[in-house]
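# Descriptive analysis of the structure
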Amino acid sequence: MREDDAAHAHEVGVGPWEGQWPTDERYDPELLRDGDRRNVLDEFRYWRHDAIVAELDTRRHPFHVAIENWQHDLNIGTVVRTANAFNAAMVHIVGRRRWNRRGAMVTDKYQHVMHHPTVEDFVAWAHGEGLRVLGVDIFPDSVPLERYGLPERCVLVFGQEGPGLSEEMRAASEATLSIAQYGSTRSINAASAAAVAMHAWIRRWEFGQRV
């Protein structure tokens, strides 16, 4: 392989549009001219950012994800990225407004993210939207996620890495769910737990896999 061919092989995305340009207003003239190197699905190549978000909005699932952020949790970016992969309705940051976006890999541009300064504010919002609040953490009274019938309209809540769900959030949750583990460690990190729980919702409501 020639050196220039090898360089192109490692490039993300596609180069400038070849042939007559499409007339659909969803396409971005600059991307058509220069190429689209974004990490997006092929169906969204050359689309404007706002056009992609608008299309995703027509397909979003009715589950939400929330994570507490009292100590600047570095898992939040990864949670946002996973929520985008499963096209969650929204991600909620409870506590500190600032969070590390590096792990999101720019997916926060396509995923709706909402901030709530306190647990009380978050819970009031969720109840106002008719969403059932479900904590995900390991407590003596936690119900195994694998045996729980996840409701279609819900918000899955994850605690700060380390201490887990706050007592206030635990008390506000309709139920707390645990993820079955078989190794020596007590828990998996918040980002991994969020991915497992979101996929459990997908299996239930996209594939009809009942517990």
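Scroll up for the structure.
Presented here is a report on the structure given in the accompanying data block. (Residues numbered from 1 in each chain as written. Predicted model: local features only at pLDDT ≥ 70, side-chain atom pairs only at ≥ 80, totals over all residues. Heavy atoms only, no water.)

This part takes up helix H5 (residues 119-128). Listing the buried residues of H5 in full gives Val119, Phe122, Val123, Trp125 and Ala126. The buried residues of H5 all sit within an arc of 160° when viewed along its axis, so they share a single face. In H5, those exposed residues whose orientation departs by more than 90 degrees from the buried face are Glu120, His127 and Gly128. Buried residues belonging to H5 abut strand S1 (64-69), strand S2 (90-95), strand S3 (113-116), strand S4 (132-136), strand S6 (154-158) and helix H6 (167-172). Downstream of H5 by one or two residues, glycine 130 has phi in the positive range, about 70°. (Buried < 20%, exposed > 50% of the residue type's maximum accessible area, 1.4 Å probe, protein only. Helix = DSSP H or I, 4+ residues; strand = E, 2+ residues; numbered from the N terminus. Arc of directions from axis to C-beta. Contact = heavy atoms within 4.5 Å.)

What follows is about helix H3 (residues 49-57). Within the span of H3, buried status applies to Ala51, Ile52, Val53 and Leu56. Contact partners of the buried residues in H3: helix H4 (76-85).

Attention now moves to the packing of H4 against helix H7 (residues 190-205). With their axes 8 Å apart at the nearest point, H4 and H7 run at an angle of 15° to one another. In terms of their interaxial angle, H4 and H7 are classed as roughly parallel. Our pair here, H4 against H7, has a crossing hand that is right-handed. Contact residues: Thr78, Val79, Thr82 and Ala83 in H4; Ala190, Ala191, Ala194, Ala195 and Met198 in H7. By residue class, the composition of the contact of H4 with H7 is seven nonpolar, two polar and no charged. (Axes fitted to C-alpha atoms, helices over the stretch in contact; angles between N-to-C directions. Parallel < 35°, antiparallel > 145°, perpendicular 65-115°, else oblique. Left-handed = near helix turned anticlockwise from the far one by under 90°. Nonpolar A, V, L, I, M, F, W, Y, C, P; charged D, E, K, R; others polar.)

To continue, consider the pattern of salt bridges. With the rule as written, the count across this model stands at eleven salt bridges. We note a salt bridge from arginine 38 to aspartate 36, for which the minimum N-O separation is 2.8 Å. Between arginine 59 and glutamate 55 there is a salt bridge whose closest N-O contact spans 3.0 Å. Relative accessible area serves as the criterion here: at 36%, arginine 59 is assigned to the partly exposed category. (Salt bridge = Lys/Arg side-chain N within 4 Å of Asp/Glu carboxyl O.)

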